[in-house]
Amino acid sequence: MRRKKYLTNKVKINLHSLKCFNYKRKFIHSINHLKVNLDRSLIVNSVINYIEKNKQRYLEELKEYISIPSISTLKENKSDVEKCAGFVRDHLKKIGIKKVQIFKTERHPIVYGEWMGAPGKPTVLIYGHYDVQPVDPLKEWKTDPFKAVIKDNKIWARGSNDNKGQNFVHMKSVEAFFKVKGKPPVNIKYIIEGEEEIGSGNLQKFIKKNKNLLKCDAVLISDTSLHSPDTPTISYGLRGLCYMEIEVIGPNRDLHSGTFGGGIANPINELSKIISRLVDKDGRIAIPGFYSNVVKLTEKEKENYSKLKFSEKQFAKELKVKELTGEKGYTTLQRISARPTLDCNGIFGGFMGEGAKTVLPSRVTAKISMRLVPNQDPHEIAKLFKKYVNSITPKTVTVEVRELHGGLPFIMSLNNKYIVAASKAVSKAFGKQAVYSREGGSIPIVVEFADKLKAPVVLMGLGLDTDDIHSPNEHFHIRNFERGILSSALFLDEISRM
Ligand code: BES
Ligand code: ZN
């Protein structure tokens, strides 16, 4: 009974549908916070009520979206990717976006939708990706990756978070406006692509050719993380990426390691030496020229970093590592978001089967990625990488260095009015002051939006770093799904008053 005191007529929420008490408390807190601030707008309150009443159905629809295995990198899933584009198209139509079109590309389709019924109001371009990462290793999954399960207030499946769950939020907020008010408060465009997880190559070309179609005042994206579980976060930076492959080639065939070992260089041994010379003892990348264009953290940013709560101890404990590592002179939080890094993602070659086989392999390959920060350019870095690897490769073997793909880093000003509006919206939805952060991951298309469309990009992330995106048992907190819908609705309302 006491709990009912929190509620007023303006915001009625069905408490019985909220399962866990803690969760109820937090939700009431954030709704309560909203009431105080939203007296001005009965419309927003009714949108919030609509969202609250329909959230169960929203989840059922999200499950359907997730059930399509739209893995962009695998050829065998090509028709699923297409089917998923169809789902997005149909869903946009269903929520009230009349003009929806699928654009075919050389690989996976792009879904475009628009509703331009608010003349004089800003136009928001909502971006998301309906493609997902592969699911391997399948045996590590506790549930079927494409049959979403709701457990412990989370939804578990591939894509539940990255990015179907997160982009669905912006369809549901718009649906609420259509249903309650007859229309959204601003003009809306959607661009939902199927190639983000493979570098967004075709969307890059599409943007170049369709600048007019995509013209907007701001881009809105939810594909990043919250700084911590209950902290609303607007990200203002993303790292870029330079992805390389090194192949070290030794003798013309696999050899008996007893007969030849000691006289012929082993490519795996030589590759290990090369890899060990890529990063020095201070955690700095040893490639000459690598840091030439790196923009240093400003004093203001350092101050912001120092205010962000982050426990290095907890971070290590959660991942079960005894000690942390990284570039000397920087905190862990800076290292994982604002500094460039180099990682070996995989090595294959030689005997990889069960048991022992005595062999001196003929060749071996390593996949190496570098996360970049402003103003590093992936192609320039690739050249420097090639040159350096060639220079440190022993004469006993030959080396081939290939550039697989890349993406530019991104950073934007915090003074932009859309960023400020987004910060206000998420603060209201979460009932807590938002923080600004730089994201360590990459969304390759973001720079293209900023450069080609000259639009500010709002990164309204809703995931958590512990949500296991790209890993087995990916999940998304239902609390963040709901707060995301609220945040989205409040953002659209906020900018309609600008
Ligand atoms: N949603 C992620 C970006 C991200 C990663 C946000 C980590 C927050 C934390 C996005 O879908 C992604 O995975 N991007 C790739 C891009 C790459 C394949 C070009 C990445 O960062 O590896
Ligand atoms: Zn991803």
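Thresholds, definitions, all that
- Residues numbered from 1 in each chain as written.
- Chains lettered and ligands numbered in written order.
- Predicted model: local features only at pLDDT ≥ 70, side-chain atom pairs only at ≥ 80, totals over all residues.
- Heavy atoms only, no water.
- Helix = DSSP H or I, 4+ residues; strand = E, 2+ residues; numbered from the N terminus.
- Areas by Shrake-Rupley, 256 points an atom, 1.4 Å probe, with all protein chains shown as cover.
- Lys, Arg positive; Asp, Glu negative; His and termini not counted.
- Charge placed at Lys NZ, Arg CZ, Asp CG, Glu CD.
- Near = heavy atom within 4 Å.
- Polar contact = N/O pair within 3.5 Å; in protein donor to acceptor, adjacent residues only side chain to side chain.
- Nonpolar A, V, L, I, M, F, W, Y, C, P; charged D, E, K, R; others polar.
- pLDDT = per-residue confidence, 0-100.
- Contact = heavy atoms within 4.5 Å.
- Buried < 20%, exposed > 50% of the residue type's maximum accessible area, 1.4 Å probe, protein only.
- Pairing = 2+ DSSP bridges.
- Donors = N, O, S within 2.8 Å, 3.2 Å for Na, K, Ca; no water.
- Tetrahedral: all angles 85-135°; square planar, octahedral: opposite > 155°, others 65-115°.
- Axes fitted to C-alpha atoms, helices over the stretch in contact; angles between N-to-C directions.
- Expected span 1.5 Å × (residues − 1).
- Phe/Tyr/Trp six-rings, centres within 6.5 Å; stacked < 30°, edge-to-face > 60°.
- Salt bridge = Lys/Arg side-chain N within 4 Å of Asp/Glu carboxyl O.

A.B. asks: Quick question: what am I supposed to make of the overall build of the protein here?
C.D. replies: Tallying secondary structure elements over the protein gives 14 helices and 18 strands in all. By principal-axis analysis of the C-alpha atoms, the protein measures approximately 85 × 45 × 45 Å. Taken as a whole, the protein presents about 23300 Å² of accessible surface, with 52% of it coming from carbon and sulfur. Taken together, the 81 basic and 54 acidic charged side chains of the protein have centroids lying 6 Å from each other.

A.B. asks: Got a minute to help me understand the site of ligand 1 in this structure?
C.D. replies: Around ligand 1 sit 16 residues, and of these Glu196, Asp223, Arg371, Ser442 and His470 come closest. Between ligand 1 and glutamate 196, the relevant distance is 2.8 Å, taken from an oxygen atom to a side-chain nitrogen or oxygen of the residue. Here an oxygen atom of ligand 1 and a side-chain polar atom of glutamate 197 are 3.1 Å apart. Calculation on ligand 1 without its partners gives an accessible area of 510 Å², and the protein chains cover 88% of this total. Among the residues forming the shell around ligand 1, the class breakdown is three nonpolar, seven polar and six charged.

A.B. asks: Is there a simple way to explain the confidence of the model for the protein in this structure?
C.D. replies: Parts of the prediction with low pLDDT should not have their coordinates interpreted in detail. Per-residue pLDDT for the protein averages 92, and the proportion of residues at 70 or more is 91%. A low-confidence stretch, residues 1–25 (pLDDT under 50), is modelled with 38 contacts involving residues beyond four sequence positions or located in other chains.

A.B. asks: Explanation requested: the pairing of strand β2 (residues 110–115) in the structure shown.
C.D. replies: Moving residue by residue along a regular strand, the side chains alternate between the two faces of the sheet. Among the six residues of β2, six are classified as buried, and the element is accordingly described as predominantly covered. Between strand β1 (residues 99–103) and β2, which pair antiparallel in sequence order, lie six residues. Sheet topology places β2 next to strand β6 (residues 187–193); five bridges connect them, and they run antiparallel. Across the sheet, residue valine 111 finds its bridge partner in β6, namely isoleucine 192.

A.B. asks: Looking at this model, I keep getting lost on the coordination of the zinc ion (ligand 2). Mind explaining?
C.D. replies: When four donors bind a metal tetrahedrally, each ideal donor-metal-donor angle is 109.5 degrees, and when six bind octahedrally, the ideal angles are 90 or 180 degrees. Those donors, Asp162 (OD), Glu197 (OE), Glu197 (OE) and His470 (NE2), are the protein atoms that reach the zinc ion (ligand 2), and they lie 2.0 to 2.6 Å from it. Classification of the site at the zinc ion (ligand 2) rests on its six donor atoms, whose angles at the metal span 54 to 153 degrees, yielding the label irregular. Counting gaps between the donor residues of the zinc ion (ligand 2) yields the pattern D-x34-E-x272-H. Of the two residues, aspartate 162 is situated in the loop between β5 (154–156) and α4 (164–181) and histidine 470 in the loop between β17 (457–459) and β18 (475–477); the sequence distance between them amounts to 308 residues. Residue classification places aspartate 162 among the buried residues on the basis of a relative accessible area of 6%.

A.B. asks: Explain the sheet that holds strand β9 (residues 240–249) to me, please; I cannot follow it from the model alone.
C.D. replies: Hydrogen bonds between backbone groups are what pair the strands of a sheet, and the pairing can be parallel or antiparallel. Judged by pairing direction, the sheet is antiparallel, and its four strands sit side by side in the order β11-β13-β9-β14 without closing on themselves. Because the sheet does not close on itself, it has two edges, and the strands there are β11 (341–349) and β14 (398–407). Across the sheet, the mean angle separating the axes of adjacent strands is 20 degrees when strand polarity is ignored. By the bridge criterion, eight bridges tie β11 to strand β13 (residues 363–372) in an arrangement that is antiparallel. Note that in β13 the partner of threonine 341 across the bridge is arginine 371. Where helix α7 (residues 267–276) meets the sheet, its contacts fall on β9, β11 and β13, and the angle it forms with β13 comes to roughly 15 degrees. Against the sheet, helix α11 (residues 378–392) contacts β9, β11, β13 and β14, and its axis sits at roughly 165 degrees relative to β14.

A.B. asks: Help me out: how do you make sense of the environment of glycine 350 in this one?
C.D. replies: Its place among the elements puts glycine 350 in the loop between β11 and β12 (359–360). It is 4.9 Å that separates the C-alpha atoms of glycine 350 and proline 361, two residues lying eleven residues apart in sequence. Each residue touching glycine 350, except ones within four places of it in the same chain, is listed here: Ile268, Pro361 and Arg363.

A.B. asks: What should I look at first to understand α4 in this one?
C.D. replies: Given 3.6 residues to a turn, an α-helix orients residues that are three or four positions apart in the same direction. Its 18 residues give α4 an end-to-end C-alpha distance of 26 Å, which sits within 8% of 26 Å, the value for a rise of 1.5 Å per residue. A large share of α4 lies buried, amounting to 15 of its 18 residues. Of the residues one or two after α4, glycine 182 is the one with positive phi, at around 90 degrees.

A.B. asks: Looking at this structure, I do not really get the sheet that holds β18. What am I missing?
C.D. replies: Strand order in the open sheet formed by three strands is β4-β5-β18, and the pairing between neighbours is antiparallel. Whereas interior strands pair on both sides, the edge strands pair on one side only; in this sheet they are β4 (149–151) and β18. Each neighbouring strand pair of the sheet contributes to a mean axis angle of 25 degrees, computed without reference to strand direction. Inspection of the sheet shows β5 paired to β18 by three bridges, in the antiparallel sense. Its bridge partner being in β18, isoleucine 155 is matched across the sheet by phenylalanine 476.

A.B. asks: What should I look at first to understand the pairing of strand β16 (residues 435–439) in this one?
C.D. replies: Counted residue by residue, β16 has four buried out of five residues, so it is predominantly covered. Pairing of strand β8 (residues 233–238) with β16, which is carried by five bridges, proceeds in the parallel orientation. Following the sheet pairing, serine 235 is matched in β16 by serine 437.

A.B. asks: What exactly am I supposed to notice about the packing of aromatic side chains here?
C.D. replies: To describe a pair of aromatic rings, you give the distance between the ring centres and the angle between the ring planes. Counted by the stated rule, this structure contains nine aromatic pairs. With centroids separated by 5.6 Å and ring planes inclined at 50 degrees, the aromatic side chains of tyrosine 65 and phenylalanine 168 adopt a geometry described as tilted. Separated by 103 residues along the polypeptide, tyrosine 65 in helix α2 (residues 42–66) and phenylalanine 168 in helix α4 bring together distant segments of the chain. Accessibility classification places tyrosine 65 together with phenylalanine 168 in one group, the buried group. Ring centres 5.2 Å apart and planes at 75 degrees place the aromatic pair phenylalanine 290 and tyrosine 291 in the edge-to-face group. Under the relative-accessibility criterion, phenylalanine 290 is labelled buried at 1%.

A.B. asks: Help me understand the pattern of salt bridges, please; the structure alone is not making it clear to me.
C.D. replies: Pairing is possible between side chains that carry opposite charge, provided their charged atoms lie close to one another. In this structure the tally under the stated criterion is 32 salt bridges. Among the salt bridges present, the one from lysine 281 reaches aspartate 282, with a minimum N-O distance of 3.7 Å. For lysine 281, a relative accessible area of 77% puts it in the exposed group. The residue lysine 452 makes a salt bridge to glutamate 448 at a minimum N-O spacing of 2.9 Å. Of the two residues, lysine 452 and glutamate 448 are both situated in helix α13 (residues 446–452); the distance of four residues between them amounts to about one turn of the helix. The exposure class of lysine 452 is partly exposed, given its relative accessible area of 26%. Where salt bridges share partners, they join Glu245, Glu247, Arg363, Lys367, Glu400 and Arg402 into one cluster.

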